[in-house]
Amino acid sequence: MAVISSIKAGALLAALTLLSSVTANPVPYFNATGEEPPRVGKRCTGTINSAASVAAAVQCTTIVIQAFTMTAGTTLTIAAPSGASITMQGDITFPYYQWAGPLMVVTGTSVTFDGGGHQLIGNGASYWDGLGGSGGKTKPAPLLRINHSGTFKNVKVLNAPMRSVAIGGASVTVSGLNIDNSAGDATTLGHNTDGFDVSSNGPVTISGCTIHTQDDCLAINRGTGITFTGNTCNGPTHGISIGSINSDTTVSNVVISNNVLNGGGNGLRIKTDATATNSFVTGVTYSGNTMTGVTGYGVLIDESYPSTLGTPGTGVIISGVKFTGTNTIAVTSSAKRLEINCGSTTSCPGTWDLSGLKITGGSAGAIKNVATSGGTY
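Residues numbered from 1 in each chain as written. Predicted model: local features only at pLDDT ≥ 70, side-chain atom pairs only at ≥ 80, totals over all residues. Heavy atoms only, no water.

Comments concerning the state of the cysteines
Then comes step 1: As enumerated under the stated definition, the model contains three disulfides in all.
Then comes step 2: Linked covalently through their sulfurs, Cys44 and Cys60 form a disulfide whose S-S length is 2.0 Å. Across the disulfide from Cys44 to Cys60, rotation about the S-S bond amounts to roughly -95°, and the bridge is consequently left-handed. One end of the pair, Cys44, is in strand β1 (residues 42-48); the other, Cys60, is in strand β2 (residues 60-65), and 16 residues separate them in sequence.
Then comes step 3: According to the relative accessible area criterion, Cys44 is partly exposed, its value standing at 27%.
Then comes step 4: We classify Cys60 as buried; its relative accessible area is 6%.
Then comes step 5: In this model, Cys342 is linked to Cys348 through a disulfide, with the two sulfur atoms separated by 2.1 Å. The disulfide joining Cys342 to Cys348 has a torsion of about -90° about its S-S bond and is therefore left-handed. The two residues Cys342 and Cys348 agree in class, both being buried. (Disulfide = S-S within 2.5 Å. Helix = DSSP H or I, 4+ residues; strand = E, 2+ residues; numbered from the N terminus. Buried < 20%, exposed > 50% of the residue type's maximum accessible area, 1.4 Å probe, protein only.)

Some thoughts on the pattern of salt bridges
Then comes step 1: A complete count under the given rule lists five salt bridges for this structure.
Then comes step 2: One salt bridge connects Asp197 with Arg163, and the closest N-O pair in it is separated by 3.8 Å. Of this pair, Asp197 sits in strand β14 (residues 196-200) while Arg163 is found in the loop between β10 (156-158) and β11 (165-167), placing the two residues 34 residues apart along the sequence.
Then comes step 3: What makes Asp197 buried here is its relative accessible area of 10%.
Then comes step 4: Between Lys271 and Asp216 there is a salt bridge whose closest N-O contact spans 3.4 Å. Here Lys271, found in strand β22 (residues 266-273), pairs with Asp216, found in strand β17 (residues 216-229); they are 55 residues apart in sequence, far enough to count as distant. The exposure classification of Lys271 matches that of Asp216, with both residues buried.
Then comes step 5: Salt bridges here are not isolated pairs; linked through shared partners, they connect Asp216, Arg269 and Lys271. (Salt bridge = Lys/Arg side-chain N within 4 Å of Asp/Glu carboxyl O.)

What to know about the sheet that holds strand β27 (residues 327-331)
Then comes step 1: Within the open sheet, the 11 strands sit side by side as β3-β6-β8-β10-β13-β16-β18-β21-β24-β27-β30. Their pairing is parallel. In this open sheet, the two strands that pair with only one neighbour each are β3 (68-69) and β30 (357-360).
Then comes step 2: Strand direction decides the pairing type here: strand β24 (residues 290-294) and β27, joined by three bridges, are parallel. Across the sheet, Met291 pairs through a bridge with Ile329, a residue of β27. (Pairing = 2+ DSSP bridges.)

Considering the packing of aromatic side chains
Then comes step 1: Under the definition given, this model contains three aromatic pairs.
Then comes step 2: Arranged with centres 4.3 Å apart and planes meeting at 15°, the rings of Phe113 and Phe152 form a pair that is stacked. Of this pair, Phe113 sits in strand β7 (residues 104-114) while Phe152 sits in strand β9 (residues 144-153), placing them 39 residues apart in sequence. Accessibility classification places Phe113 together with Phe152 in one group, the buried group.
Then comes step 3: Here the aromatic rings of Tyr286 and Phe323 are separated by 4.7 Å at their centres, their planes lie at 20°, and the arrangement is stacked. Taken together, the positions of Tyr286 in strand β23 (residues 279-287) and Phe323 in strand β26 (residues 316-324) put the pair 37 residues apart, joining distant regions of the chain. (Phe/Tyr/Trp six-rings, centres within 6.5 Å; stacked < 30°, edge-to-face > 60°.)

Some details on empty space enclosed by the protein
Then comes step 1: If you walk through the whole model with that rule in mind, you get one cavity of 30 Å³ or more.
Then comes step 2: Each pocket or cavity is described by its volume, and for the largest cavity that value is around 30 Å³.
Then comes step 3: Along its surface, the largest cavity is lined by Met70, Thr71, Ala72, Gly73, Thr74, Phe94, Pro95, Trp99 and Leu103. (1 Å grid on protein atoms, 1.4 Å probe; cavity = no way out; pocket = protein on both sides within 12 Å on 5 of 7 lines; lining within 4 Å. Points joined across faces, edges and corners; volume = space filled by probe spheres on them.)

Everything listed here is a matter of geometry and, on its own, says nothing about what the molecule does.
Structural data, given as structure tokens:
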């Protein structure tokens, strides 16, 4: 009897010891995607008016940003709690300082960000040297990285040193942004000042934005379920682009609709690296876009990047490209209306529907290694 009691006591002691260990060293919870669960914030209002105020402010589910100048060489990271509401009540200025960046990052789940028309001021003119990312001054980029789900709206992004806005968050809608790098047009100093760069699991919707850049208005580098609609692209833009596409990359289910482009070297473009392998661009729909004053190519689909119309590769499969409704593109006298440079009919399979495409001006280009139907070009 005493032996049994001793065994029971020993088992109880072992169980208590194990429980103590688990309590003191809890195993972190991860959801099915391998990500940590959304962070729960406090029901309070936090104010950001300096770099030092951020840590306390992001504990609250209501965050107010007042006008201030960010500390040079430091990323303004707003790691918002789940469901947080962020509003701007003043401009944020990022002082000149040569470093890699980014200048600002927003993260979180189901976050609403309303800039109220206020500005993120990048002081691009202090960096611009005509070289972009190819040399000269070190330029922080991007100015803004949107890595949260939810919404981001009503912000003016002024004079980005290089790339303007990068989107990595999934299930996010971006609207009403004014990306203004027009000062970089002077003596072609602004360079690599992309408007939007998208690398996201999606879905992502970008709508109602005005973008003035010296590079791509939009560049989709990776992702699925991406919609770019009702936007206006101005300046010496490189156009609305998919790519460049590197190896082991997929872009799918893209809708480019009801956008306006004024001027620029390209209208609509898909560019894939000549040496890329195991990559796919599939399900791209263009509808209702209007473009004028295009000086290079109305539509350019090219598998030879970084060359233009060089020897194309075959390691990126481009399929399901279609132009629906009416896409009207007017190019200048020296421009090409349409160029398609596929490496083979295997890398550009099927028949692409160009019935909703009308390009005027300039001269005809060539269509290589792909079957097409319809359209006027």
